[in-house]
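# Architecture and fold: a report
Here is what each chain is made of, one letter per residue.
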Amino acid sequence: MSDENAVVITRRKNIQTLIDYCLDTRLSVTINPRGLSNDEFEVEVVLAGIKQAIAFGMFARENKLTDGLS
């Protein structure tokens, strides 16, 4: 199975929670500022399997990060 990337658009206040989750679960993550806003960031998470994808989806929903999930 090939790696899949999930992209989450989040605000500065939620980035630390997202980074902590990715460090704990050893997920590769890329964070880029989004547009002209100083408060929004695009976080791309590399998911290597269905179990990681389900776990990340549950985490995103629990922490109300699902608005920007694609």
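Look up a bit, the structure's there.
Residues numbered from 1 in each chain as written. Predicted model: local features only at pLDDT ≥ 70, side-chain atom pairs only at ≥ 80, totals over all residues. Heavy atoms only, no water.

### Observations regarding the sheet that holds strand β3 (residues 40-47)
Backbone-to-backbone hydrogen bonds join strands into a sheet, with any given pair of strands oriented parallel or antiparallel. If you trace the three strands from one edge of the open sheet to the other, you get β1-β3-β2, paired in antiparallel fashion. Edge positions in the sheet fall to β1 (4-11) and β2 (28-33), since each of these pairs with one other strand and no more. Averaged over all adjacent pairs, the angle separating strand axes in this sheet is 20°, with direction ignored. Relative to β3, β1 runs antiparallel, the two being bridged by eight bridges. Within β3, the position partnered with Asn5 by the bridge is Val46. Each of β1, β2 and β3 is contacted by helix α1 (residues 12-25), which is oriented at about 145° to β1, the strand it contacts most. Contacts from helix α2 (residues 50-62) reach β1 and β3 within the one sheet, and its direction differs from that of β3 by about 150°. (Pairing = 2+ DSSP bridges. Helix = DSSP H or I, 4+ residues; strand = E, 2+ residues; numbered from the N terminus. Axes fitted to C-alpha atoms, helices over the stretch in contact; angles between N-to-C directions. Contact = heavy atoms within 4.5 Å.)

### Thoughts on the nonpolar core
The biggest cluster of nonpolar side chains holds 13 residues, and the ones touching the most others in it are Leu27, Val45 and Phe56. Broken down by secondary-structure element, the contributors of at least two residues to this core are β1, α1, β3 and α2. When residues no more than four places from it in sequence are discounted, the contact partners of Val45 are Glu4, Asn5, Ala6, Cys22, Leu27, Ser28, Val29 and Phe56. (Core = buried A, V, L, I, M, F, W, Y, C linked by side-chain atoms within 4.5 Å. Buried < 20%, exposed > 50% of the residue type's maximum accessible area, 1.4 Å probe, protein only.)

### Some words on the pattern of salt bridges
Counted under the stated rule, the structure contains three salt bridges. One salt bridge in this structure joins Asp39 and Arg11, with 3.4 Å as the shortest N-O distance. With Asp39 in the loop between β2 and β3 and Arg11 in strand β1, this pair connects stretches of sequence that are 28 residues apart. Where Arg11 meets Glu40, a salt bridge forms, and the shortest distance between an N and an O atom there is 3.7 Å. On the criterion of sequence distance, the pair formed by Arg11 in strand β1 and Glu40 in strand β3 is long-range, its members being 29 residues apart. The class for Arg11 is partly exposed, based on a relative accessible area of 40%. Members of the salt-bridge network, linked through shared partners, are Arg11, Arg34, Asp39 and Glu40. (Salt bridge = Lys/Arg side-chain N within 4 Å of Asp/Glu carboxyl O.)

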